[in-house]
Structures are given as structure tokens and as C-alpha cells.
Amino acid sequence: MQKTVTLRQLFTLGVGTIVGVAWLIVLGDAMVGAGPVGAIAAFAIGAACMIPIALCYGELGGIMPETGGEIVYAQRIFGENASYAAGVSLVVIYIFNCVFFGVSVGWLADELLPGVKGPLLYSVLGNEVHAGSIAIGMVCTGMIAFVNYRGAKWAAAFQDIATFALIAAAAVLVVAGFVFGSAENLQPIVVKTDWAWGWGGVLGVLATTPYFFGGFSTIPQALGELANEHDKKRIGRVIYSCIVFSWAFYALVILAVGMVLPSSRLGEFELPIAAAFESAFSSPLAGDLVLVAGIIGLLAVWNALFFAATRALYAMGERGMLHRDLSQLHLTSQSPVTAIVVVAAISMAGLFLGQGFLLPVVNMTSTLLSGMYVLVTVGILKIRAMRTPGEEAPPYTAPGGKPMIIFGCLFSIYLVVLSLIQQSAAAGWRWPPEWSILLGVLAIAISFRLFELRRTALAGR
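Every chain's residues receive numbers from 1 upward, in the order its sequence appears when written. Residues qualify for local features only when their pLDDT is at least 70, as the model is predicted, and side-chain atom pairs are given and counted only at 80 or more; totals for whole chains, interfaces and linings, by contrast, use all residues. Calculated side-chain values reflect all of the structure's heavy atoms, with hydrogen atoms and water omitted.

(A) Inspection of the overall build of the protein at higher detail. Assigned secondary structure in the protein consists of 17 helices and two strands. In terms of principal-axis extent, the alpha carbons of the protein reach across some 70 × 55 × 45 Å. When the 461 residues of the protein are sorted by exposure, 55% land in the buried category. What makes two residues a contact is simply this: any of their non-hydrogen atoms within 4.5 Å. Long-range pairs, those at least 24 residues apart, make up 80% of the contacts in the protein between residues at least 6 apart in sequence. For the protein, the accessible area works out to roughly 18,900 Å², and carbon and sulfur atoms hold 68% of it. Comment: elements are numbered from the N terminus, with helices defined as DSSP H or I runs of at least four residues and strands as E runs of at least two. When accessible area is computed with a 1.4 Å probe and restricted to protein chains, residues below 20% of their type maximum are described as buried, those above 50% as exposed, and intermediate ones as partly exposed. To be clear on the numbers: accessible area is Shrake-Rupley with a 1.4 Å probe, and residue cover counts the displayed protein chains and nothing else.

(B) Quick look at the pairing of strand S1 (residues 120–124). Only when DSSP finds a minimum of two bridges between them are two strands counted as paired. Where S1 meets strand S2 (residues 127–130), four bridges bridge the pair, whose relative direction is antiparallel. Bridged to Leu 120 within S2 is His 130. Hairpin remark: S1 followed by S2, antiparallel, with two residues in the connecting loop; positive phi at Leu 125, about 55°.

(C) Molecular detail of the nonpolar core. By size, the foremost hydrophobic cluster in this structure holds 138 residues, and its most contacted members are Trp 23, Leu 24, Phe 216 and Tyr 250. Considering every element that reaches this core, the biggest residue donor is helix H13 (residues 284–318), with 19 residues. Leave out the neighbours within four places in its chain, and Phe 216 touches Ile 18, Met 50, Ile 53, Ala 54, Tyr 57, Ile 239, Ile 243 and Tyr 373. With six residues, the next largest nonpolar core counts Phe 100, Val 103, Leu 351 and Val 362 among its residues. We call a set of buried Ala, Val, Leu, Ile, Met, Phe, Trp, Tyr and Cys residues a nonpolar core when their side-chain atoms join them within 4.5 Å.

(D) Examining the pattern of salt bridges more closely. Each salt bridge in this description consists of a side-chain nitrogen of Lys or Arg and a carboxyl oxygen of Asp or Glu lying within 4 Å of one another. One pass over the full model with this rule turns up 10 salt bridges. With a shortest N-O distance of 3.6 Å, Arg 319 and Glu 66 are connected by a salt bridge. Within this pair, whereas Arg 319 is found in the loop between H13 and helix H14 (337–350), its partner Glu 66 is found in the loop between helix H4 (36–63) and helix H5 (70–77), the two being separated by 253 residues in sequence. Residue class for Arg 319 comes out buried when judged on its relative accessible area of 16%. The salt bridge involving Glu 318 is made with Arg 319; its shortest N-O contact spans 3.2 Å. Within the structure, one salt-bridge network assembled from shared partners comprises Glu 66, Arg 76, Glu 318 and Arg 319.

(E) Geometry of the side chain of Ser 366. Looking at the secondary structure, you find Ser 366 in helix H15 (residues 354–386). Relative accessible area serves as the criterion here: at 17%, Ser 366 is assigned to the buried category. In protein, a polar contact requires one atom able to donate a hydrogen and another able to accept it; more generally it is a pair of N or O atoms within 3.5 Å, and residues adjacent in sequence count only if both atoms are side-chain atoms. Reaching out from Ser 366, the side chain makes a polar contact with the backbone oxygen of Asn 363 at a distance of 2.6 Å. Here Ser 366 is in contact with Tyr 211, Ser 419 and Gln 423, once residues within four sequence places are set aside.

(F) Up close: the confidence of the model for the protein. Predictor confidence is given residue by residue as pLDDT, running from a minimum of 0 to a maximum of 100. Considering every residue of the protein, the mean pLDDT works out to 90; 100% of them sit at 70 or more. Per-element mean pLDDT across the protein ranges from 80 in helix H11 (residues 263–266) up to 96 in H5.

(G) Geometry of the packing of aromatic side chains. Any two rings among Phe, Tyr and Trp, with Trp reduced to its six-membered ring, count as a pair given centres within 6.5 Å; such a pair is stacked if its planes are under 30 degrees apart, edge-to-face if over 60, and tilted if neither. Under the definition given, this model contains 15 aromatic pairs. Judged by centre distance (6.2 Å) and plane angle (70°), the ring pair of Phe 43 and Phe 213 falls under edge-to-face. With Phe 43 in helix H4 and Phe 213 in the loop between helix H9 (200–212) and helix H10 (235–260), this pair connects stretches of sequence that are 170 residues apart. Just as Phe 43 is buried, Phe 213 falls in that class too. Put simply, the rings of Trp 23, Phe 43, Phe 212, Phe 213, Phe 249 and Tyr 250 pair up and form one aromatic cluster.

(H) Representation of H4. Compared with the 40 Å implied by 1.5 Å per residue over 28 residues, the 40 Å span of H4 between its first and last C-alpha is a close match. Axes are fitted to the seven residues ending at a residue and to the seven starting at it; the angle between these axes is taken as the bend at that residue. A maximum bend of about 30° is found in H4 at Ile 51, where proline Pro 52 lies one to four positions downstream. Among the 28 residues in H4, 22 count as buried, and that is most of the element. Every helix has an expected span of 1.5 Å times one less than the residues it contains.

(I) Geometry of the packing of helix H8 (residues 152–180) against H10. Here H8 crosses H10 at 35°, and the two axes come no closer than 8 Å. The two elements H8 and H10 meet at a crossing, and its hand is left-handed. Across from Leu 166, Ile 167, Ala 170, Leu 173, Val 174, Gly 177 and Phe 178 in H8, the residues of H10 making contact are Phe 245, Phe 249, Leu 252, Val 253, Leu 255, Ala 256, Met 259 and Val 260. Among the residues forming the contact of H8 with H10, the class breakdown is 14 nonpolar, one polar and no charged. Angles run from 0 to 180 degrees between N-to-C directions of axes, and those axes are lines fitted to C-alpha atoms, restricted for helices to the stretch in contact. Crossing handedness: left-handed means the near helix sits turned counterclockwise from the far one by under a right angle, and right-handed means the same turn made clockwise. For this scheme, ten residues count as nonpolar: Ala, Val, Leu, Ile, Met, Phe, Trp, Tyr, Cys and Pro. Four count as charged, namely Asp, Glu, Lys and Arg, and the remainder, Gly too, count as polar.

(J) Expanded view of the state of the cysteines. We call a pair of cysteine sulfur atoms a disulfide when they lie within 2.5 Å. With the rule as written, the count across this model stands at zero disulfides. Considering cysteine sulfurs only, Cys 56 is the nearest to Cys 49, which forms no disulfide, with 14 Å between them. Accessibility expressed as a relative area gives 16% for Cys 49, which makes it buried. Considering cysteine sulfurs only, Cys 98 is the nearest to Cys 140, which forms no disulfide, with 12 Å between them.

(K) Representation of unusual backbone geometry in the model. Cis rather than trans, the peptide bond between Gln 187 and Pro 188 has omega equal to -10°. Tracing the backbone through its elements, the reader meets Pro 188 in the loop between H8 and H9. Phi is positive for Gln 334, which is not a glycine, with a value near 60°. Structurally, the position occupied by Gln 334 is in the loop between H13 and H14.

So this is what it looks like as C-alpha cells:
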């Protein structure tokens, strides 16, 4: 692959994936549950807990700056089967989230331009599927596929434009909130509850915040295309900076929204952030600006996930875990053309499923992503234990020593357990659909693995 990706582009890849559209959809609920300062504190604690995991990614990325990220790490540290499990997990995480964003872009577009979703076609699990929404998703999927088809340089440039445009739009909103809002609207700064000594709202938000900082895990997929080999010693700092910057972004947006509209009123709106600015300035244009920024952010995270999905498939094809055609590169752009076609095709087909079917699948990917954190943190412990005296130090060493890594490992395990508990609770403490999907993915993955092993064995005779 062409070596064209810079540190700045790694930063926009991470920030674009972390912030994306989450600030538009989830911050309002966080403020209602915890209050503005309570939400900021919860996000700060969540970010602090994620930093040890991120630093472990930085150390492994410096040691093995190759396309595939966790696929490569697992293969070198734990063996072929662990690598295949990591690859399947990453492909499922990235592709199904691409499909979900393809469906969501139609919903946001309809909020901005009512009626654009078009006529109702059918319903899936109580969620309507409209012709216009599918068409919008198709066009956007085609655009992102084309950008990635032109190569990493185009994909990274698109990511830069989308991420910086989102930051610029958010900056306008933040300044407007500070100038025209009132600090009195921030009261109560923390919403008290009748459980957890009054801090239940903050704890409730805290339980969800780690998943909003997980976008940095797309960065390892781009390391095989890093332009400057010496930059691998700065990967850890880039990932750390992504988390800190994203927390500051969330905090400023929360403060600005809190100043223009009390958190007690945010629960009245489907998209509280957009409604807050529209209500505060008595202008639909203010709300439209928020929606435009949300669509830009959605495209940023969607592009990053599409990029990561194609690189994960490429890495699996290159290692013979899936069909080797997936590692085929375009003659001029050096993009993984077969993997791009596969991701685009699945993304377009998934548009017909609707949010009702996709939501449990996306929820299930939080469990798989947390599993990747466990793999990376345990992997760092194993690599350090195997290191011999006098061996050359890695390009980047995560600070904090063994205690920091152990904390990251324990927190990763906690996230796996938490995701399973949340899924069970949402299903009324019965068998949730996410677990059935997880078992289905496992069965399909094992079937593909056995088929590919048999095909390879027959070809070698």
C-alpha cells in the first residue's frame, strides 16, 4: 500500500470517529440525566479510564505498525486462531456500524429537509423503512466507496475536511452559546437522584461514556500506510490527544447547550442539541446549522469506519484467513479494491433492513469492541513479560508501567461484562437478541474458518 497517511490524518481519523454524530444524539440525554457539570465530570472520568487502554494501543502500534491492527497483534502474540477471532470481530464492528450510519443519514436528512425520506415501503420490527432514506444512504455509500477507491490519500483528505468542518461548525455554536446564553441556565449543575447518594445520574452517564471514546481503535488500521516511519514513536501521543481533544469538544458543547437552554427542557425534544439552539435564538437556521454539523460528523465517522473495515478485510485476505482476493490492490491507487466492493455491497444491502433490525447488531458490537481492548491490554502484558534484558526498546512505551496496563486490562474486562449486563437489562433480564446475534456470528465465523482451512489444504495437495 502507498505510504501517504500523516500524523494529522491519524488524529482526524480518531477524532472524527470518536466525536462523529454522538455529540448531537447523546449529549442531550446525558445532560438531562446528570446535569451539565455532572455530564462533563462523567465524560472526564470515562476519558481518564480509557486513556490506559489507548496508550497500550500506542505501544503495540509502534511495535507493529501494519495494516490490520488487532489482527496483526493477535497473530504475533497469541497465534492464528486468536488473530482470526480478532479479524471477524473487527469486520463485524466496522461493517455493521457502516450500515447503521447509512440508515441514520436518511433520518438526519429528513430532520433537516422534512419529507425527503419519501414514501413508506415497509416496517421492520416496528421501524419504518422509506424509499428516500434508502436512496440517500445509497448515494452516500457510493460517495464514500469512491473516495476510498481512489486510495488512502483521498480517504484521509476527506476525513480531514469532514472532521475540521465539524469542529468549525461546533466552534460557531459554542461561541454563540457562550455569548448569547446565560450561566443561570446551567442550574442545577448536577441533577440529584434518589439512589447512589444522589449521584445516580452521573453514574448512569459514566457507564456509557467509555463507548463514546472508542473511536481511536480505527487508527491502527491506517498504520500500514503511515508516510513517515519515524512517526510510529508518536502514535501513542496521537491516540492520547484524540481522547483529550474529544473530551474538551464534548465539554464545550455541553456548556454551550446548557447556557442556551436549561437541561430540564432538553428532554422535550427528539434532537435536544438542535432544538436547544433553535429555541434559544428563535431561528430555524440555528437548528439547521446543528443538523448540518451532525451530518458532516456522521460522514466523518462513516468514512473512518469504512476505511477501517476495508483494511481489516485486506489484512485477513493477506494472511489467508479469508479469500486472498480480498488483499487485491488497485494498480494505481493501491487501495484494497475487492475489500471496498465487498464493504460497499454489504452496506447498500443493509440499508433495506432499517434501524429496528440493526440496533441490536450495533449494540452487540460494543461487546466485541471491548473484547479487542482486552486482547490489546493482555497482549502488552505478555510482550513485556517476554522481553529479554538488553532488548531494543519499542518506539513508544506506554507510561505508568505494569499497574497502568493492569488497570486498562481490568477496565476492559469490566466493559465486556457491562455491555452484556446492559443488553440483558434492556431485554427485561431475559435472553437478549444481541446474544443470539453474537452466537450467530460465532457459528458463521467458525464455518468460514473451517471452509477456508479445507480449501487451502486441498489447494496445497
